[in-house]
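What follows is the residue order along each chain.
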Amino acid sequence: MIERLVVAIGGNATHPENIRGTTAEQEEIAARAARALRPLVDAVPELVITHGNGPVVGKILLRQYYAREHVPPMRLDVCVAHSQGGIGHLLMQGLEDELARAESERRVACLITRVVVDADDVAFTKPTKPIGPFFSEAEAAELQRALGWNMVEDAGRGWRYVVPSPRPRRILELDLIAGLAKQGVVVIAAGGGGIPMVLRADGSYGGVPAVIDKDLTSVLLATELGVDALLILTAVPRIAIHFRTPQQRELETVTASELDGYRREGHFAEGSMGPKVKGALRFIAAGGKRAIIAHLDQAADALAGKAGTHVVPG
C-alpha cells in the first residue's frame, strides 16, 4: 500500500489545446480530472497534487498584451501566482464535489506556494521554457517584433513564447504542505512549478520573472516529503521512443539507466516529454522507488501497475 504520493498533473491535461479556455470548459475539465483522481484519494492517506500552468499563464500574458493601453501589466511571477489560484480553485472545487457526492469527510486545500531559485541561474540569460498557446511562424515574428518575446519552434507543433526556467532549490511552504498532508488533507500545491523567488541581501524574498518547470518542482517536493512514488499525469498514455515515426514504441517498465540512454539519444523533446523524463530520472536518482508517467484518465490503473510507463531504479 502506498502511504504517501505526489501526483503531478500536466498543464495540457488540465487545459488541452483543443479548447477555447472558457470558465465553463475549464470547470468541465477540472471535474473530469477530479473523477480520475478520486480513486487515488480513496487509496492514499497522504496525497499532494501539483499542476502545470503553461497554457493558462500564457493566456494571462496575452490578456495583458491586449489590455496594455488600459491596465499596467503584472510581472511574470505574479502571473504565475494568478494561475496557481485559478487552476487550484477549479481542481479543489472538482475534488470537493466528488468527495461530497461520496459523503466523504476528507477535505481539499489549495496552497499558494513559493519556490526559491538562484538569482544567478543561467536560465535567466537563456530562456527555454515554452508557455502559452502555439502560434504560426508569422504570428511569432510579429509578437517578437512587438513585445520582444523570445519565440521558438516547439516539437513541430508551432511557435511558442519561451521564458527563463531556473532550477527549483527550496520550497518555502514545505512544512505547511507536509503538515496538512499528515492530517489527511488532500493538498494542491506548487502549481505551475511554484512562484519563483530569490533571496535578497537583507534576508527577505522577492519574486522574479520566470516560470519554474512543474515536473522538477514536483520531484523536489516528492523527495523532500519522502513519498513512496511520483505519478506524473499528462495527455499521453506512456513514454514513447521514436515518437511520431513508423518505429514508435511505447515503454511500459524501464530502468532509469535505460531511460537515460534514450534521453541522451534525443528521443524526448524539451517542449513535451523531455521535462517529465528528466523529472522521473531525478526522482529515482534521489532515492525514489518508482516514477510513473501516464494519462490523466488512467491515474488509478497507473498506480495499480496496469497502465503508464513505470521508471524503476537500475
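Residues numbered from 1 in each chain as written. Predicted model: local features only at pLDDT ≥ 70, side-chain atom pairs only at ≥ 80, totals over all residues. Heavy atoms only, no water.

Right, let's talk about the packing of helix H7 (residues 214–225) against helix H9 (residues 274–285) for a bit. Contact geometry for H7 and H9: axes closest at 8 Å, N-to-C directions at 15°. Between H7 and H9, the crossing angle belongs to the class labelled roughly parallel. Every pair of crossing elements has a handedness; the one defined by H7 and H9 is right-handed. Where H7 approaches H9, its residues Asp215, Leu216, Val219, Ala222 and Thr223 are matched on the opposing element by Pro275, Lys276, Gly279, Arg282 and Phe283. (Axes fitted to C-alpha atoms, helices over the stretch in contact; angles between N-to-C directions. Helix = DSSP H or I, 4+ residues; strand = E, 2+ residues; numbered from the N terminus. Parallel < 35°, antiparallel > 145°, perpendicular 65-115°, else oblique. Left-handed = near helix turned anticlockwise from the far one by under 90°. Contact = heavy atoms within 4.5 Å.)

With that out of the way, let us pick up the pattern of salt bridges. Counted by the stated rule, this structure contains 15 salt bridges. With a closest N to O distance of 3.3 Å, Arg32 and Asp297 form a salt bridge. Residue Arg32 is located in helix H2 (residues 23–43), and its partner Asp297 is located in the loop between strand E16 (291–295) and helix H10 (299–303); the two are separated by 265 residues in the primary sequence. Overall, the relative accessible area of 43% leaves Asp297 in the partly exposed class. Residues Arg160 and Asp154 are paired through a salt bridge, measuring 3.0 Å at the closest nitrogen-oxygen approach. (Salt bridge = Lys/Arg side-chain N within 4 Å of Asp/Glu carboxyl O. Buried < 20%, exposed > 50% of the residue type's maximum accessible area, 1.4 Å probe, protein only.)

Counting across every chain of the model gives two aromatic pairs. Centre to centre, the rings of Tyr65 and Tyr66 are 5.0 Å apart; their planes meet at 55°, and the pair counts as tilted. For Tyr66, a relative accessible area of 65% corresponds to the exposed category. Between Trp149 and Tyr161 the ring centres are 4.2 Å apart and the planes differ by 10°, which places this aromatic pair in the stacked class. Here Tyr161 lies in strand E7 (residues 159–163) and Trp149 lies in the loop between helix H5 (137–147) and strand E6 (150–153), a separation of 12 residues in the sequence. Assessed through its relative accessible area of 15%, Tyr161 is described here as buried. Residue placement shows Arg160 over the ring face of Phe134; its charged tip is 4.8 Å from the ring centre. (Phe/Tyr/Trp six-rings, centres within 6.5 Å; stacked < 30°, edge-to-face > 60°. Lys NZ or Arg CZ within 6 Å of the ring centre and 35° of its normal.)

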